[in-house]
Amino acid sequence: MDLTTAQLARLDEVSAIDPGQPHALLVGDHIGNVMRGGMKIQASR
Amino acid sequence: MSFALDNYRLLGRSGLRVSPLALGTATFGTETGWGAEKDDARRLFDRYVERGGNFLDTAVGYGSAESLLGEFARDRRESLVLATKYSTLRRPGDPNSTGGSRKNLLASVHTSLQRLGTDYLDLLYLHVWDFTTPVEEILRGLDDLVRQGKVLHVAISNTPAWQISRMQTIADLRGWSPLVALQLEYNLLERTGERDLIPMAREMGLAVIPYSPLAGGLLTGKYSRADVAGVASGDGTRKGFNFAALGTVTERNLDVVDILKEVAAEQGCTPAQAGLSWLLHNPDVTAPHYRRPHPRTTGGQPGCPDGGPHHRAASPPR
């Protein structure tokens, strides 16, 4: 038995949590613009 | 995703090799009114070890569990990884018999060593944060036990992420034994550890050891919307505990269980197996607990490769 990527995605989606502060802010579009201005910069892990 | 018990993993930044499922022993012993009789506990232990399982989890606060585990482990102690925990109250009325302090640490570890019938612990967790003891006292006490050979590795559970982060930093800067594992409740219904605790564990070299991987049995799919009405608290059953005391049987959680049941049906496995598999797919997770189901619940999970799901049965904290 092994879950498929699609099955894992369904489970992830239905059980998702609100990440709260500061995590929601940090992944938002506004901070993306303020920090990177459209550049693509790989995050560490 | 293999979670065969003899497919060993490293425990955090340590060199210790552990099974990908830890056997929880909080339900060994019957003092709580809902644990396993000795013979049942022995059978569960034997089945786990025969399949290559080596990671046994207990605590000084789990009643007679340490003594039973020590008895079962006696003839193969060296090949087992015995993990126990300290910091929960050992003597009502004695303020120095609880918490993270050096005094309680030493006395608690001596008690555990005696009950387990061994002269060393492979892993010692601080069980519950006490909001009292200075972190240097905890870390230095743990390191002293490592230097004395009474404890091989140290770990932590049920503690705020920011405390663990600064503790690990202090341990590293002073050359004290680092924390190598973190226990927290983590499952499809309790994912808030993803905010800080789990990324912290990844960054700082702590293995994530989820307890209650099946959310106290909810992820076995045994409760439905029809159960939501008419259950009283304190009726002495796990169902009453989940519904009323923990408040975990909610519409939101039942939505998650519905999807889990669908996925399990597609796979031809049980919801419990699918829920454990979801956890084990997370590269940050080292070894969820599993434990015998309570006899008053629906029983074992047929076809589960490891003999059954975890089932949280005593009162928190685990």
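Being a predicted model, the structure only gives us computed values, none of them experimental.

A.B. asks: Can you tell me about the overall build of chain B, naming the residues and giving the values?
C.D. replies: A tally of helices and strands in chain B yields nine helices and 10 strands. Sorting the 318 residues of chain B into buried and exposed places 58% on the buried side. The contacts in chain B between residues at least 6 apart in sequence include a share of 73% that link residues at least 24 apart. A total of about 12,200 Å² of accessible surface is found on chain B, and carbon and sulfur atoms cover 50% of it.

A.B. asks: Any details on the packing of aromatic side chains? Residues and values, ideally.
C.D. replies: Residues and elements named next belong to chain B. Within this structure, the stated rule accounts for four aromatic pairs over all chains. On the numbers, 5.8 Å between centres and 50° between planes, the contact of tyrosine 186 with tryptophan 278 is tilted. Here tyrosine 186 is found in the loop between strand E8 (179-185) and helix H6 (197-204), whereas its partner tryptophan 278 is found in helix H9 (residues 271-280), with 92 residues between them in sequence. Residues tyrosine 186 and tryptophan 278 agree in their burial class; the two are buried. Here the aromatic residues Phe28, Phe45 and Phe72 are joined through ring pairs into a cluster of three or more. Sitting over the ring of tyrosine 120, arginine 77 keeps its end group 3.8 Å from the ring centre.

A.B. asks: How would you explain the sheet that holds strand E9 (residues 207-211) of chain B if you had to name every residue and give the values?
C.D. replies: All names here are of chain B. What the eight strands build is an open sheet, ordered E9-E8-E7-E6-E5-E4-E3-E10; its pairing is parallel. A strand with exactly one partner marks an edge of an open sheet, and here the two such strands are E9 and strand E10 (289-290). Sheet topology places strand E6 (residues 121-126) next to strand E7 (residues 151-157); five bridges connect them, and they run parallel. Bridge pairing in E7 links leucine 126 to isoleucine 156. Where helix H3 (residues 102-116) meets the sheet, it contacts strand E5 (81-86) and E6, and its direction lies at approximately 140° from that of E6. Its contacts with the sheet put helix H4 (residues 135-147) on E5, E6 and E7, and the angle it makes with E7 is roughly 155°.

A.B. asks: Let's hear about the interface of chain B and chain A: which residues, and what values?
C.D. replies: If you look at the interface, chain B gives 23 residues, while chain A gives 18 residues. Summed over both partners, the interface of chain B with chain A comes to about 2,000 Å²; 54% of that surface belongs to carbon and sulfur atoms. Broken down residue by residue, the surface that chain B buries against chain A is led by Arg191, Arg195 and Gln267 of chain B, which jointly contribute 29%. Where chain B packs against chain A, one counts two salt bridges. A salt bridge links arginine 10 of chain A to glutamate 266 of chain B; the nearest nitrogen and oxygen atoms lie 2.9 Å apart. Listed by contribution, the elements that provide at least two residues to the side of chain B that touches chain A are helix H8 (251-267) and H9 of chain B. Examining the composition of the side of chain B that touches chain A, we find that nine residues originate from one element, H8 of chain B, more than from any other. Residues of the side of chain B that touches chain A, tallied by class, amount to nine nonpolar, five polar and nine charged.

Cut-off values and rules
- Residues numbered from 1 in each chain as written.
- Chains lettered and ligands numbered in written order.
- Predicted model: local features only at pLDDT ≥ 70, side-chain atom pairs only at ≥ 80, totals over all residues.
- Heavy atoms only, no water.
- Helix = DSSP H or I, 4+ residues; strand = E, 2+ residues; numbered from the N terminus.
- Buried < 20%, exposed > 50% of the residue type's maximum accessible area, 1.4 Å probe, protein only.
- Contact = heavy atoms within 4.5 Å.
- Areas by Shrake-Rupley, 256 points an atom, 1.4 Å probe, with all protein chains shown as cover.
- Phe/Tyr/Trp six-rings, centres within 6.5 Å; stacked < 30°, edge-to-face > 60°.
- Lys NZ or Arg CZ within 6 Å of the ring centre and 35° of its normal.
- Pairing = 2+ DSSP bridges.
- Axes fitted to C-alpha atoms, helices over the stretch in contact; angles between N-to-C directions.
- Buried area = accessible area lost by both parts, 1.4 Å probe.
- Salt bridge = Lys/Arg side-chain N within 4 Å of Asp/Glu carboxyl O.
- Nonpolar A, V, L, I, M, F, W, Y, C, P; charged D, E, K, R; others polar.

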